[in-house]
Amino acid sequence: MLKNLFPFFVILFPVFSLSLSAEDPVRIVIMETMPVHALLANVDACTRELGSLGYTSENAEIVHIKADGSREKAEDELGQLLQESKPDIIISFATLASQAAVNVAGATGIPIVFAQVSDPVGSGIVQSMDAHPESSVTGIIYTIPREVKLFHAISVFRYAPTEDHSLRIGFIHSSYPSSTGAARELQAAAAGLAGVEIISQEIPYKAVPAGIDEMLEDVKRYVKELDSRIDYWWEPTGPLGQLNEYHRLIMAESSKPILFAITLQSVIDGAVMTLMSADGSAGAEAAHLAHKILSGTPAGSIPIQDPQDVTAAFNRDTILKNGLVVPPGLLSLAAGNIFPRMSDIQ
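Residues numbered from 1 in each chain as written. Predicted model: local features only at pLDDT ≥ 70, side-chain atom pairs only at ≥ 80, totals over all residues. Heavy atoms only, no water.

## Some remarks on the sheet that holds strand β1 (residues 26-32)
Piece 1. The strand order across the open sheet formed by five strands is β2-β1-β3-β4-β5, and the pairing between neighbours is parallel. Unpaired on one side and paired on the other, β2 (60-66) and β5 (137-141) mark the two borders of the sheet. Adjacent strand axes in the sheet meet at a mean angle of 15°, parallel and antiparallel pairs treated alike.
Piece 2. In the sheet, β1 pairs with strand β3 (residues 89-93) via five bridges, with the strands oriented parallel. By the bridge assignment for β3, Glu32 is matched with Phe93. (Pairing = 2+ DSSP bridges. Helix = DSSP H or I, 4+ residues; strand = E, 2+ residues; numbered from the N terminus. Axes fitted to C-alpha atoms, helices over the stretch in contact; angles between N-to-C directions.)

## Looking at helix α3 (residues 95-105)
Piece 1. Burial analysis of α3 places nine of its 11 residues in the buried class, which makes it a mostly covered element.
Piece 2. By the burial criterion, the buried members of α3 are Thr95, Leu96, Ala97, Ser98, Gln99, Ala100, Ala101, Val102 and Ala105.
Piece 3. Taken together, the buried residues of α3 touch β1, α2 (71-84), β3, β4 (112-117), β5 and α5 (177-191). (Buried < 20%, exposed > 50% of the residue type's maximum accessible area, 1.4 Å probe, protein only. Contact = heavy atoms within 4.5 Å.)

## Let's talk about the nonpolar core
Piece 1. In terms of nonpolar packing, the biggest core is built from 79 residues, with Met31, Ile90, Ile91, Phe93 and Ile172 touching the most fellow members.
Piece 2. Counting residues per element, this core draws most heavily on helix α6 (residues 212-226), at seven residues.
Piece 3. With 32 residues, the next largest nonpolar core counts Val148, Val156, Ile169 and Val310 among its residues. (Core = buried A, V, L, I, M, F, W, Y, C linked by side-chain atoms within 4.5 Å.)

## Examining the packing of aromatic side chains
Two aromatic rings, taken as a pair, are described by how far apart their centres are and by the angle between their planes.
Piece 1. Scanning all chains against the criterion turns up two aromatic pairs.
Piece 2. With a centroid separation of 4.7 Å and 10° between ring planes, the pair formed by Trp234 and Phe260 is classed as stacked. Remark: Phe260 occurs in strand β9 (residues 258-260) and Trp234 occurs in strand β8 (residues 232-234); sequence separation between them is 26 residues. A single burial state applies to Trp234 and to Phe260, both of which are buried. (Phe/Tyr/Trp six-rings, centres within 6.5 Å; stacked < 30°, edge-to-face > 60°.)

## Structural notes on the packing of α2 against α3
Piece 1. Two numbers describe how α2 lies on α3: the axes approach to 9 Å, and their chain directions differ by 40°. Comparing the axis directions of α2 and α3 gives the class oblique. For the crossing formed where α2 meets α3, the hand is right-handed. Of the residues in α3, those touching α2 at Arg71, Ala74, Glu75, Leu78, Gly79 and Leu82 are Leu96, Gln99, Ala100, Ala101, Asn103, Val104 and Ala105.
Piece 2. Of the residues contributing to the contact of α2 with α3, the split by class is eight nonpolar, three polar and two charged. (Parallel < 35°, antiparallel > 145°, perpendicular 65-115°, else oblique. Left-handed = near helix turned anticlockwise from the far one by under 90°. Nonpolar A, V, L, I, M, F, W, Y, C, P; charged D, E, K, R; others polar.)

## Observations concerning the confidence of the model for the chain
Piece 1. On average, residues of the chain score 88 in pLDDT, and 90% of them reach the 70 mark or higher.
Piece 2. Per-residue pLDDT, averaged within each element of the chain, yields its smallest value for helix α12 (residues 328-331) (81) and its largest for β3 (98).
Piece 3. Of the regions scoring below 50 in pLDDT, residues 1-22 engages in 45 contacts with residues more than four places distant in sequence or in other chains. (pLDDT = per-residue confidence, 0-100.)

Following this line, the structure appears as structure tokens:
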């Protein structure tokens, strides 16, 4: 677990017993943006945690809405559901589904808990990170702030043997809301750092999974175009960066390594490092937030939460090959996530 990178506030949720009858079940809507690994892991963790908190088939009805990468589909299905019966709470995963939930149900007073959203303010899900008594929306930020990521990435890079000690980072991202927000924030974080340049390229977002191949073709084109202009790559948040095909395409087509990844698999495959929310942690935290609200706490009284369970990982071979040095304090945070593991070396 990652500690002491920036102030994490651990929230302890009291467990209340449920006294609901089968005739008066709690209705919980879970909205899924698209079928990518990290999202599905969080949805599964949320469902399991709700069960451990006492929400069973005897006292609760859990309805899943699967958007398949389309905000319009998410809005249509939620709108139809609201016409049939008003749920007690909506739990939305990732930016697209969360935008749909707020757009359709934000004015109804139905509590909304979002998870796996990187930029809730920039994407219009909430007005600020603070509690707002008049609001029915709260949730959990999915990623660590970009300035924290960039700081630690630079701490690894600064020992690299380069002629001018400059760092040029390539960043190919889609127009998906959290990805454009990530590009904007990464540029802002790099603006005050001497010798650090972010060279970004946006491609049109296509609904996942149908649009994966088309987006990857765009990525391939820009990898070839930017490769000679950059020193390292940076993976984007959002559905494109979650795809193993994304980082594997970059590794196959580029001579430059990925400095910062957003998935553990990317580091296993050869990216230098990552700092990320642990698989399923956001889903479990969302279940506890939902339970707190269903137990009587107004959603608007709960400020937006930072991720509570964060993982660090490094690829030793890539670090050594590129003459990088991980500061001992940062390396100690990775626990067992140093790849390849000794057991993998024959």
